[in-house]
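# Descriptive analysis of the structure
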Amino acid sequence: MMKYKFTAKGICSEFNISEIGKHFGIAKKIKWEEPLIVKTDITIGKAVYLYHFGVLVFLNYDEDEMLEFVREIKAIPGSIKSINTDIVYGEVETYTLIEDPELEESELEFQEYRNSIIKKFHVDMAALVLAKSVALEIIEINIDRVFDEIEGTVVSLRNGKVKTSEKRTISAIGKILAFKHTTISYIMMLDKPSITWKEREAEIFFDELAELYELDDRYDKLNAKIDALLDTAEVIADLQHSRMSKYLEIVVILLILIEVVHAFEEPIMNFLKALIGL
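Since the structure is predicted, the reported quantities are computational estimates derived from the model, not experimental observations.

Quick notes on the rules
Residues numbered from 1 in each chain as written. Predicted model: local features only at pLDDT ≥ 70, side-chain atom pairs only at ≥ 80, totals over all residues. Heavy atoms only, no water. Pairing = 2+ DSSP bridges. Helix = DSSP H or I, 4+ residues; strand = E, 2+ residues; numbered from the N terminus. Contact = heavy atoms within 4.5 Å. Axes fitted to C-alpha atoms, helices over the stretch in contact; angles between N-to-C directions. Core = buried A, V, L, I, M, F, W, Y, C linked by side-chain atoms within 4.5 Å. Buried < 20%, exposed > 50% of the residue type's maximum accessible area, 1.4 Å probe, protein only.

In any sheet, the strands associate via hydrogen bonds between backbone groups, in a parallel or an antiparallel arrangement. The 7 strands are arranged β3-β4-β5-β1-β7-β9-β8 in an open sheet whose pairing can be described as mixed. Where the open sheet ends on each side, the last strands, each with one partner, are β3 (36-41) and β8 (107-108). Each of β1 (2-10), β3, β4 (46-51) and β5 (55-59) is contacted by helix α2 (residues 63-75), which is oriented at about 145 degrees to β5, the strand it contacts most.

As a further point, take the nonpolar core. Counting residues in each nonpolar core, the largest one holds 43 residues, and the members touching the most others are Phe6, Tyr51, Val55, Val57, Leu97 and Val123. Mapped onto this core, the elements with two or more residues apiece are β1, β4, β5, β7 (92-99), α3 (120-158), α5 (200-212) and α6 (215-263). The element contributing the most residues to this core is α3, with 16 residues. Those residues within four positions of Val123 in sequence are excluded, and the remaining contacts are Tyr4, Phe6, Tyr49, Leu59, Leu97 and Ile118. Among the nonpolar cores identified, the runner-up in size contains 18 residues, and Ile17, Phe58, Met66 and Phe69 belong to it.

The buried fraction of β4 is high, at 6 of 6 residues. Residues Lys46, Val48 and Leu50 line one face of β4 and the alternating positions Ala47, Tyr49 and Tyr51 line the opposite face, and both faces are buried. Across 4 bridges, the pairing between β3 and β4 is antiparallel. Along β4, the bridge assignment pairs Val38 with Val48. Both β4 and β5 contribute to a ladder of 5 bridges, which runs antiparallel. Its bridge partner lying in β5, Tyr49 is registered against Val57. Linking β4 to β5, which pair antiparallel, is a turn of 3 residues; within it Gly54 sits at a positive phi near 85 degrees.

In short, shape yes, function no, at least from these values alone.
And the structure:
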């Protein structure tokens, strides 16, 4: 019985795959939807999959080996092309493929997949789906954090108050737009890998695993959350702009009043002196 244990870790928003490839002596140009596969050892079934969207998937690596590899990657000059400082990375997910020759039918479960024969496409598809799931989870968790931040402002609005500053609102909008940009860059993640167009068995396995992790539904919900956050932030910004406009109007009226008083200062003083004289 052969086991293929996968561990996916989120590291950044985007790897510089070409620089990492050079470090491992790989000159081949890797397409966005393809992983860079390094540290392979067929005899014991070990490998590391690096995806452009900042996720590493380890195959049959223990914790110490994974930590050592992450340190090695981060030490490569220019290995990380993009990292969003508003995002907390470090999400981890695991999955296991089990080859059991005695099985008559395949068994797909949330934590493992069993089949009488585990083919190369099973390994590649499992790594890909797990990487996509981690990438989405990173954005999901951090979007929820922004929701929590903006919730206090929404409560204030409900009570007829706008407590947050314009600077904080602009910062929140910036975070949301950054999340949207990162999420849009994951659109390629939803495309099926090329092998699924050639092998029906690979397509079925990919579709089943992607449905198990609800990739399409999670992506749609994520975009809906981002749009809702943007709408809320824009409403707050409009209210703040309106409030600022009122303050400016008051200031302008006060300045005009001061100018009027200054212009008629002498007549007013003469009038006051005349009243006092009386």
